[in-house]
Amino acid sequence: MDKWTICNKTADFSAIINEFGFSEVMARLLVNRDLRTGEEIRAFLTPSISNLHSPHLLKNLDEAVDLVIDKMRAGKKIRIVGDYDVDGIMATYVLNDALTRAGADADWYIPHRIRDGYGLNVEIIRQAGREGIDTIITCDNGIAALDASIEAEKLGMTLVVTDHHEIPEKLPHAAFIVDPKQEDDHYPCREICGAVLAAKFAEVLFEKLGTDADISEYLEFMAMATICDVVPLKGENRTIAKLGLAKLEKTDNPGLRSLMEQTEISDGHINEYHVGFIMGPCFNATGRIDNAGLALELLNARNKQDADRLALECKKLNEDRKQMTSEQEEIAFSILDARADALDRVIVLELPDCHESILGILAGRVKERYNRPAIIVTKSGTDYKGSARSILAYNIFEELSVCSEYLVKFGGHPMAAGLTVASGKLEEFTRAINEKCSLTEDDMSRKILIDAQASFNLFNEKVLSEIEMLAPFGQGNPAPLFAEKGLRCRSIKYIGKTNNYLRFRLINSCGYEFTATSFSDASETVERLTAKYGKADVEKAFTGGSNNISMTVAFVPKINDYHGASEIQMNIRNIKW
């Protein structure tokens, strides 16, 4: 059952309206985001690069950079070891670009998802040793690489860890660890991603070497990683995302430009959707079903011909990934829907023929559908590889820690984790993680936070342009959500390639008629309407006839541009049944 809550934060709305000339809707949205003073509002709406925190506040960063500069000057070989997701790819690119520009003898390696698994491991260390590598710098991984760090120590190699993941019980043996989540690290924004950490490293490197390069050169890469890694878009992260999206629109990186062309992202306004749902998945696909090195080659491409070829490969891999995901998602939902009345509080599902690379996507889809933590696994050798996605009330990293006796390894965040379940232990693990689970029915209710009750006729182009100033939207800064009740249904029609969505014509209590689109599963919505109002009224609505259907909806107002005509329409996010 979904639970709606209206945000009722109060403040002097008239003062905000008078100072900025905003609508009452915008004033309420600002207060709901705890922005009350003129200074707070201006800082949020017009972030500046000067708002970024000093990198020198990060524990061990100065010392780590000093060490790397010494290695550079001694002519030592340095290898960057990254990760195969967007954050890891961007972090590797930033760090390699900075070190190369600084004159280091540096190269990079991103583990192969299937062959190497996640992060730094013993074999990667041994291979580096055979190739004469003196120093390894990790980015977006390494904090859990205890065994690999011990191997590096044995071989006389120097290890520097830069990571942003949760701190494990046993730290790796490294010369320096830079991770804002360390207990005694007082960096103001603990939730920066790996690519931002890499850019902070680059900033200090350039400063110490006296070069004129600065962190702004990496803003688009930092923004892509920040958005795709779903870190909270507050404070410094918001500044990076907003400024980085603006820089992405006019980036001079041939690879990014080609990818935008291949995915038909037009010049002009690029927002968080284009990054999170179009470009980001193309980068992720390389690491999921091929090798993320392809994505690094794209970012490093120096001419349009190479960039176009590599961008097309990335796009094709993403199309293949979509097909694989769709097939396995259908299998997962059919299994879980069959046990809908007896679902565990923590869903653990084995998909025997599933490609390891899409486990995280599937875990996210299952979590969204059933609103409870989901762990999807598949057989890998004698063990089970898995990915977990969680809900706000359940820290998946901590809960896996409690059940670590059944795991070969694990790592991640409160909301997402990767794990390997030991051979023959899957059933015991499933039972244990559920026995230790304290989630209540209330915890597993989907929480719908409404910014305000508002008649749809209040939304005009001025109000929508004000709302757009709050973007980019995402984790920690969701798109504003409104609610209106007593909406009479004029008509319903199916839309979408497979008639999987619905478009309504609705009339509110003011007599205002408008279009509303629901991107939820059409069959489920029709089934619920039929259960509440009867088959006859639903059929009448589909033929435009008079009916008794009345709706209360949570919605986002949007401008829909179609064939040169603009219409403000309602995007339905939830229906109160």
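Data block above holds the structure.
The structure reproduced in this document is the subject of the present report. Keep in mind the model is a prediction, meaning the values are calculated, not measured.

Observations regarding the sheet that holds strand β3 (residues 105-109)
Here five strands make up an open sheet; going across it, the order is β3-β2-β4-β5-β6 and the pairing parallel. In the strand order of this sheet, the two ends are held by β3 and β6 (176-178), each with one partner. Each strand axis lies, on average, 20° off the axis of its neighbour in the sheet, ignoring direction. Where strand β4 (residues 135-139) and strand β5 (residues 158-162) come together, five bridges link them in parallel fashion. By the bridge assignment for β5, I136 is matched with L159.

Details of the packing of helix α13 (residues 293-300) against helix α14 (residues 304-338)
The geometry of α13 relative to α14 is characterised by a closest axis approach of 9 Å and an angle of 145° between their N-to-C directions. Crossing hand, α13 versus α14: left-handed. Residues L294, E297 and L298 of α13 form the contact with α14, whose own contacting residues are A307, L310, A311, E313, C314 and L317.

Quick word on the environment of N303
Along the polypeptide, N303 turns up in the loop between α13 and α14. Each C-alpha atom of the pair N303 and G255 lies 8.5 Å from the other, and the pair is 48 residues apart in sequence. Of note is the side chain of N303, whose polar atom sits 3.2 Å from the backbone nitrogen of Q305.

Focus on the environment of T286
Within the element layout of this structure, T286 appears in helix α12 (residues 272-289). The sequence separation of T286 and N60 amounts to 226 residues, and the corresponding C-alpha distance is 33 Å. For T286, the contacting residues outside a window of four places in its chain are I89, N291, A292, L294, A295, C314 and L317.

A word on the packing of aromatic side chains
Scanning all chains against the criterion turns up 16 aromatic pairs. Ring plane angle 20° and centroid distance 5.3 Å describe the contact between Y273 and F277, whose orientation is recorded as stacked. Taken as a pair, Y273 and F277 lie in helix α12 at a separation of four residues, close to a single helical turn. Overall, the relative accessible area of 47% leaves Y273 in the partly exposed class. Look at F277 and you get exposed, because its relative accessible area is 61%. Seen from their ring centres, F459 and F555 are 5.8 Å apart, and the 85° between their planes marks the pair as edge-to-face. Placement of the pair is F459 in the loop between β13 (452-453) and α18 (461-468) and F555 in strand β17 (residues 550-562), with a sequence separation of 96 residues. F555 matches F459 in its accessibility class, with the two residues each being buried.

Concerning the state of the cysteines
Across all of its chains, the model carries zero disulfides by this definition. In this model C403 remains outside any disulfide bridge; the closest cysteine sulfur is found in C437, 9.9 Å from its own. Note on C403: relative accessible area 1%, which makes it buried. You can see C510 has no disulfide; the closest cysteine sulfur is in C489, sitting 18 Å from it.

Some thoughts on the sheet that holds strand β10 (residues 407-412)
If you trace the five strands from one edge of the open sheet to the other, you get β7-β8-β9-β11-β10, paired in mixed fashion. Two strands lie at the open edges of the sheet, namely β7 (347-350) and β10, each paired on one side alone. Averaged over all pairs of adjacent strands, the angle between their axes in this sheet comes to 20°, without regard to strand direction. In this sheet, strand β9 (residues 383-389) lies alongside strand β8 (residues 374-380) in antiparallel orientation, the contact comprising seven bridges. Counted as the bridge partner of I376 is S387 from β9. Lying over the sheet, helix α15 (residues 359-370) contacts β7, β8 and β9, oriented at roughly 50° with respect to β9.

Calculation rules
Residues numbered from 1 in each chain as written. Predicted model: local features only at pLDDT ≥ 70, side-chain atom pairs only at ≥ 80, totals over all residues. Heavy atoms only, no water. Pairing = 2+ DSSP bridges. Helix = DSSP H or I, 4+ residues; strand = E, 2+ residues; numbered from the N terminus. Axes fitted to C-alpha atoms, helices over the stretch in contact; angles between N-to-C directions. Left-handed = near helix turned anticlockwise from the far one by under 90°. Contact = heavy atoms within 4.5 Å. Polar contact = N/O pair within 3.5 Å; in protein donor to acceptor, adjacent residues only side chain to side chain. Phe/Tyr/Trp six-rings, centres within 6.5 Å; stacked < 30°, edge-to-face > 60°. Buried < 20%, exposed > 50% of the residue type's maximum accessible area, 1.4 Å probe, protein only. Disulfide = S-S within 2.5 Å.

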